[in-house]
Amino acid sequence: MMHAFFCFLVFLCAVQGTLTQQEVGFAVVNNAATTPGGIRFRDEVGECYAKQTLFDSCQQVWAIFGLYYPDYIKIINNVTLYVGVGVGVDVGVGVGVGVGVGVGDLGVAYTNISNGNGEIHLSANYIQKFSGDVKAEVTGKIYEAMTHIWIWNGNGKAPKGLLDGIACYVRLKTNHAPSNWVKPGEGSFWDQGGDVTARFLEYCERVHSGFVAKLNKKMKDGYSYSYCYELTGKTWPELFTEYKVKVKSLALES
């Protein structure tokens, strides 16, 4: 049964010196309530906590990406978290964007936007089999998924590894990254995705303040490999090489 979260996040947008507002409602639907994963979600996470996390993560995403103007934000009225059995991962970069890894009943989550409504689908099977603090893990996955709901994907042309890396960057920046993620400087490619790209974007943001938010704004209408150069004066590989060298030198000095 769905229980709507009656607290709305009010979004204020500056428009020609005036303020408009966007309200977003949040809800949680446990479609796997009688399964081991659904029961674990109920007992160790809880609908009330999940609703609050939807609210909190939305606020954080808006703040990180500076979504204060209607030209840069999607019109989304509601975001609902669905816990279900057999949730696969949508590997596309259209309105539905995969979060996590795996397929079929071992999938983690995926997101979708339809008619102004955002959906986050989370696998009860994954919740059941996850070893560790499942509440913390679900929290992190909600932050990743909420990021996918709101960021732009270059009309489907942005690299999936970059989009997943941005989602993980938000999880990292909001202190919801797990301890087993890679350390700064690890990884082979800038768009490797996940924790590797998240760590790289953390560096990009440190040396070029506002980089991630500016990149997101550029991806509203399309994607170009040149965006990185336009924002930093370096190509993606050049910046990634610089990142690895600087992180390694800092490690040797410590």
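About the thresholds
Residues numbered from 1 in each chain as written. Predicted model: local features only at pLDDT ≥ 70, side-chain atom pairs only at ≥ 80, totals over all residues. Heavy atoms only, no water. Helix = DSSP H or I, 4+ residues; strand = E, 2+ residues; numbered from the N terminus. Expected span 1.5 Å × (residues − 1). Buried < 20%, exposed > 50% of the residue type's maximum accessible area, 1.4 Å probe, protein only. Disulfide = S-S within 2.5 Å. Phe/Tyr/Trp six-rings, centres within 6.5 Å; stacked < 30°, edge-to-face > 60°. Lys NZ or Arg CZ within 6 Å of the ring centre and 35° of its normal. Pairing = 2+ DSSP bridges.

### Examining helix 5 (residues 160-173)
So, point 1. Counted at 1.5 Å a residue, the expected span for helix 5 with its 14 residues is 20 Å, and the 20 Å between its end C-alpha atoms agrees.
So, point 2. The buried fraction of helix 5 is high, at 12 of 14 residues.
So, point 3. By the burial criterion, the buried members of helix 5 are Gly161, Leu162, Leu163, Asp164, Gly165, Ile166, Ala167, Cys168, Tyr169, Val170, Arg171 and Leu172.
So, point 4. Positive phi appears at Asn175, one or two residues downstream of helix 5, with a value of about 65°.

### Comments concerning the state of the cysteines
So, point 1. The full count for this structure, using the stated rule, is zero disulfides.
So, point 2. Left without a disulfide partner, Cys228 is nearest to the cysteine sulfur of Cys204, which lies 6.1 Å away.
So, point 3. Cys228 gets classed as buried once you look at its relative accessible area, which sits at 0%.

### Re the packing of aromatic side chains
So, point 1. Taken as a whole and judged by the stated rule, the model has 11 aromatic pairs.
So, point 2. Between Phe200 and Phe240, the aromatic rings sit 5.2 Å apart at their centres with planes inclined by 80°, giving edge-to-face as the arrangement. With a gap of 40 residues between them, Phe200 in helix 6 (residues 194-207) and Phe240 in helix 9 (residues 236-253) connect regions that are remote in the sequence.
So, point 3. Under the relative-accessibility criterion, Phe200 is labelled buried at 0%.
So, point 4. Taking 5.7 Å as the distance between ring centres and 45° as the angle between the ring planes, the aromatic pair formed by Phe240 and Tyr243 counts as tilted. Highlighted residues: Phe240 and Tyr243, both in helix 9, separated by three residues, approximately one helical turn. Across the pair, exposure class does not vary: Phe240 and Tyr243 are buried alike.
So, point 5. Grouped by ring-pair contacts, the aromatic residues Trp190, Phe200, Tyr203, Phe211, Trp236, Phe240 and Tyr243 constitute a single cluster.
So, point 6. Over the ring of Trp152 we find Lys220; its NZ or CZ atom is 5.3 Å from the centre of that ring.

### A few points about the pairing of strand 6 (residues 117-123)
Regular strands have side chains that alternate between both faces of the sheet.
So, point 1. Most of strand 6 is tucked away: five of the seven residues are buried.
So, point 2. When strand 3 (residues 78-84) meets strand 6, the two strands line up parallel, connected through seven bridges. Looking at strand 6, one finds that Tyr82 is bridged to His121.
So, point 3. Bridge analysis of strand 5 (residues 109-114) against strand 6 gives six bridges, and the strand direction is antiparallel. Within the sheet, the bridge partner assigned to Asn112 lies in strand 6 and is Glu119.
So, point 4. Taken together, strand 5 and the strand that follows it, strand 6, pair antiparallel across an intervening segment of two residues, in which Asn115 is found at a positive phi of about 55°.

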